[in-house]
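# Residue-level structure breakdown
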Amino acid sequence: WWCDSCDKKRWSSKKKEVTVLTGGTSNYSKSINVLLSSLEHTNPDYNCNVYCFGWEDYLIEKFNSIYSAKFIPIPVSEKIHDDVKNNVRCGGALELKVKCINDFLIAEDSAALWIDADSLVTEDLGIITSKITDEGYDVVCTRRKHRTLEHEIFALGVLGFSNSLVSREFTDIFYNKMMKS
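Residues numbered from 1 in each chain as written. Predicted model: local features only at pLDDT ≥ 70, side-chain atom pairs only at ≥ 80, totals over all residues. Heavy atoms only, no water.

A separate point is the overall build of the protein. Scanning the protein for helices and strands turns up 7 helices and 6 strands. Put simply, the protein runs from its N terminus to its C terminus through helices and strands in the order β-α-β-α-β-α-α-β-α-β-α-β-α. Once local pairs closer than 6 in sequence are excluded, the contacts in the protein between residues at least 24 apart make up 67%. Summed over all atoms, the accessible surface of the protein reaches about 10,700 Å², with 52% contributed by carbon and sulfur. (Helix = DSSP H or I, 4+ residues; strand = E, 2+ residues; numbered from the N terminus. Contact = heavy atoms within 4.5 Å. Areas by Shrake-Rupley, 256 points an atom, 1.4 Å probe, with all protein chains shown as cover.)

Here it is, written out as structure tokens:
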């Protein structure tokens with residue numbers, strides 16, 4: 001795939017068999033900027049999809065001119081739009097995150113590694129991606145050891161999915177249960 005505006009090749013054939021996924025509302029664009037920069041410096045051989053929840057076109061174009069990632073505009077509800085405008089955290093973004101992961105696993109053959117927008121990558125992702133590509137794990141997650149409250153330990157910043165039948169069923173069930181709650 002070629003970017004017409006910057007004439008640089010994207011999606012090289014030597015890319016890894018895991019696609020990095022991330023996303024968020026425009027309130028997280030600064031964090032996504034840092035995440036993408038860290039990925040390009042530490043793990044340049046990974047394809048990356050950025051799900052832009054309600055972003056304006058100019059912001060997507062700006063990011064697209066800088067980073068070799070695929071930017072996917074995701075429409076948002078009026079409530080999410082208002083929450084972003086008022087700088088309020090919204091649960092609707094979590095639903096969109098799970099939907100994007102679920103949709104990716106259905107549509108693509110690649111394994112997926114979701115990295116939250118407010119994360120920073122400082123090491124080779126092979127440590128975690130090998131779990132879902134080589135070691136037989138269907139779903140993996142990280143935990144935040146520095147959190148003190150039990151429910152915060154699994155405020156997951158990184159989720160990995162092998163794209164096996166089991167991992168697709170897991171995300172499908174998770175998504176459907178979340179939409180019912």
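Structure's up, so let's keep going.
With that settled, consider the side chain of Asn43. The residue Asn43 is located in the loop between α1 (29–42) and β2 (47–53) in this model. The exposure class assigned to Asn43 is buried, which follows from its relative accessible area of 6%. Here Leu125 takes part through its backbone nitrogen, which lies 2.8 Å from a polar atom of the side chain of Asn43. Contacts of Asn43, omitting those with residues within four sequence positions, involve Ser38, Val121, Glu123, Asp124 and Leu125. (Buried < 20%, exposed > 50% of the residue type's maximum accessible area, 1.4 Å probe, protein only. Polar contact = N/O pair within 3.5 Å; in protein donor to acceptor, adjacent residues only side chain to side chain.)

Axis separation between helix α4 (residues 92–107) and helix α7 (residues 165–180) bottoms out at 9 Å; the angle between their running directions is 150 degrees. Judged by the angle between their axes, α4 and α7 are roughly antiparallel. Taken as a pair, α4 and α7 cross one another with a handedness that is left-handed. Residues Leu94, Glu95, Val98, Lys99, Ile101, Asn102 and Leu105 of α4 lie in contact with α7, whose contacting residues are Ser167, Arg168, Thr171, Asp172, Phe174, Tyr175, Met178 and Met179. The residue inventory of the contact of α4 with α7, partitioned by class, reads 8 nonpolar, 3 polar and 4 charged. (Axes fitted to C-alpha atoms, helices over the stretch in contact; angles between N-to-C directions. Parallel < 35°, antiparallel > 145°, perpendicular 65-115°, else oblique. Left-handed = near helix turned anticlockwise from the far one by under 90°. Nonpolar A, V, L, I, M, F, W, Y, C, P; charged D, E, K, R; others polar.)

On to the nonpolar core, then. In this structure, Leu36, Leu39, Val50, Phe63, Phe71, Ile115 and Leu125 are the most contacted members of the largest nonpolar core, which totals 27 residues. Counting residues per element, the ones that place at least two in this core are β1 (18–25), α1, β2, α2 (57–66), β4 (111–115) and α5 (126–133). Among the elements that line this core, the one with the most residues is α1, at 4 residues. Counting residues in each nonpolar core, the second largest holds 18 residues, with Cys90, Ile101, Leu105 and Leu159 among its members. (Core = buried A, V, L, I, M, F, W, Y, C linked by side-chain atoms within 4.5 Å.)

Okay, the environment of Cys90 next. Along the chain, Cys90 falls in the loop between α3 (78–85) and α4. Measuring from C-alpha to C-alpha, the distance between Cys90 and Lys79 comes to 8.6 Å, with 11 residues separating the pair along the chain. Setting aside chain neighbours within four positions, we find Cys90 in contact with Ile80 and Asp83.

So, about a nonpolar patch on the surface. On the surface, a nonpolar cluster with roughly 250 Å² of combined accessible area is contributed by Val139, Phe170 and Phe174. Inspection of the secondary structure assignment puts Phe174 in helix α7. Residue classification places Phe174 among the partly exposed residues on the basis of a relative accessible area of 40%. (Patch = residues over 30% accessible without salt bridge, like charges linked within 9 Å, V, L, I, M, F, W, Y side chains within 5 Å. Salt bridge = Lys/Arg side-chain N within 4 Å of Asp/Glu carboxyl O.)

Even without being glycine, Asn163 reaches a positive phi, approximately 70 degrees. Relative to the helices and strands, Asn163 is located in the loop between β6 (158–161) and α7. Assessed through its relative accessible area of 9%, Asn163 is described here as buried.

Another aspect to go through is the pairing of β1. Most of β1 is tucked away: 8 of the 8 residues are buried. As judged from the 4 bridges shared by β1 and β4, these two strands associate in the parallel manner. Residue Val20 lies in a different strand from β4, and its bridge partner there is Leu113. As paired strands, β1 and β2 are joined by 7 bridges and run parallel to one another. Following the sheet pairing, Val20 is matched in β2 by Cys48. (Pairing = 2+ DSSP bridges.)

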